[in-house]
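Spelled out from the first residue to the last, the chains are:
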Amino acid sequence: MKYFIKISAILSILFLMQACKSLSTANFKDIKLADDNASNQTKALYLRIQNIAKKGIAFGHQDATAYGIGWKHNENSKKLRSDIKEVSGRFPAVQGFDLGHIELGNSTNLDTVSFSLMKDHIVKMHKKGAIITFSWHLDNPVTNKDSWDSTPAVAEILKGGSEREKYELWIRRLSQFLNSLKDKNNNAIPVVFRPYHEMNGGWFWWGAGNCTPEEYKELWRQTLSLLKSNNVHNVLYAFSPNTLNSEQDFDLYYPGDEYVDILGVDIYNHSGDEAFTNTLKNNLEIIKRKAQLAKKPYALTESGNVKAGSNPKWWSEGLYPGIKDSGIAWVLLWRNARVSHYFSTYKQEASANDFKEFEQLEEILFLNEVKKISY
Ligand code: BMA
């Protein structure tokens, strides 16, 4: 009996030692990120994302816990809601938020989500094992109108441009927010940042026709350099064009392997579900090839049903056949803002039953599964 107790004590110590393998002792030296000073937590997130992609596809939702159809998170409530959880019983594994208007020093983002609420949810969700990703619909720095104001502005915020000072201030505000996301040990929470997305479309001031590809790439590189000089070291950088017509389409704006950590693409079903499935397949093949050459993970960084409610089988017939076995680490569905502007599902919505089947697929991973996948 005495020996048995001794042996089991030794075994438990060995087990604990293994479980406590600390970030500082893990072997991160071979990981090359866009930020050469990225924290160990950020490197661990990168490895986790690669490991997730080996197991399946993490399911993501934009503003998942901030609001849904018919509800908005109440600042006084401690309990987190999510339309996805209300349909399936599980939280999304990837949670997207938008930083638009952080640059202005505002307390709420462009969709009225308060930055303090966002921070609170990020801290809680990170603790539960979620992956956090940010988009940034920032205002046009020349006109001070929104992201969709296509007045050329990129040249003016590059080094030497007339709005450079303003842009440096904007990046300082953004940096302050990113640096303020702290876990319980006071370490900066690692996140995925996906700035200047959908640049091959013409709808944003940083998009096609509103700046040259050279200006765009320079904006990307200079933005990274400004963030680093503001001590931001908890970020993985994701590059995500809109639907691609060819590989060249991707290359045109790609700032280079040393400035990007994750490759992505945003694809919606504007041309119907059959075309959508085919576009998903061929576009994900394109980024897979690019990602494999660059040895980086890749994701479907935005998607959604623009004709939400029209196809009750959208998940199993539209989305899933397009992403199945594609090797993407995650798919992020866009926000559920209101009945006339939602991209996922919610309770009593036309495709909710189909979603429950999609959610059961072994390949599709939710928070409870992803939290077990380590670096
Ligand atoms: C767009 C729309 C807008 C929103 C923006 C940022 O795709 O959903 O209503 O302001 O994203 O979230």
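Residues numbered from 1 in each chain as written. Predicted model: local features only at pLDDT ≥ 70, side-chain atom pairs only at ≥ 80, totals over all residues. Heavy atoms only, no water.

Student: Could you give an account of the domain arrangement of the protein, naming the residues involved and the relevant values?
Tutor: Here the domain parsing of the protein yields domain 1 (1-30) and domain 2 (37-370). The C-alpha centroid of domain 2 is placed 38 Å from the C-alpha centroid of domain 1. (Domains from an automatic or database assignment.)

Student: Just give me the short version of the packing of helix 9 (residues 273-294) against helix 10 (residues 314-323), but keep the residues and values in it.
Tutor: Where helix 9 contacts helix 10, the two axes come as close as 7 Å, and the packing angle between them is 20 degrees. As far as their axial angle goes, helix 10 and helix 9 are roughly parallel. Seen along the crossing, helix 9 lies across helix 10 with a hand that is right-handed. For the pair helix 9 and helix 10, contact is made by D273, F276, T277, L280, K281 and L284 and by W314, E317, G318, L319, P321, G322 and I323, respectively. In terms of residue class, the contact of helix 9 with helix 10 is made up of 7 nonpolar, 3 polar and 3 charged. (Axes fitted to C-alpha atoms, helices over the stretch in contact; angles between N-to-C directions. Helix = DSSP H or I, 4+ residues; strand = E, 2+ residues; numbered from the N terminus. Parallel < 35°, antiparallel > 145°, perpendicular 65-115°, else oblique. Left-handed = near helix turned anticlockwise from the far one by under 90°. Contact = heavy atoms within 4.5 Å. Nonpolar A, V, L, I, M, F, W, Y, C, P; charged D, E, K, R; others polar.)

Student: Describe in detail the site of the ligand, supporting the description with residues and values.
Tutor: Neighbouring residues of the ligand: L110, D111, H137, W148, W334, R335 and H341. Taking W334, its side chain carries an N or O atom lying 3.1 Å from an oxygen atom of the ligand. Within the contact set of the ligand, an oxygen atom lies 2.9 Å away from a side-chain nitrogen or oxygen of R335. Considering the ligand on its own, with 310 Å² of exposed area, one finds that the protein chains cover 79% of that surface. When atom positions are compared with the pocket grids, the ligand is found to occupy the second largest pocket. Of the residues that constitute the shell around the ligand, the class distribution is 3 nonpolar, 2 polar and 2 charged. (Near = heavy atom within 4 Å. Polar contact = N/O pair within 3.5 Å; in protein donor to acceptor, adjacent residues only side chain to side chain. Areas by Shrake-Rupley, 256 points an atom, 1.4 Å probe, with all protein chains shown as cover. 1 Å grid on protein atoms, 1.4 Å probe; cavity = no way out; pocket = protein on both sides within 12 Å on 5 of 7 lines; lining within 4 Å. Sits in = over half its atoms within 2 Å of the grid points.)

Student: How would you sum up the packing of aromatic side chains? Please name residues and give values.
Tutor: As enumerated under the stated definition, the model contains 30 aromatic pairs in all. Seen in terms of ring centroids, W205 and W206 are 5.1 Å apart; in terms of plane orientation they differ by 85 degrees. Their pairing is edge-to-face. Taken individually, W205 and W206 each receive the classification buried, so the pair is uniform in this respect. Judged by centre distance (4.9 Å) and plane angle (80 degrees), the ring pair of W314 and W315 falls under edge-to-face. Across the pair, W315 and W314 agree in class, each one buried. (Phe/Tyr/Trp six-rings, centres within 6.5 Å; stacked < 30°, edge-to-face > 60°. Buried < 20%, exposed > 50% of the residue type's maximum accessible area, 1.4 Å probe, protein only.)

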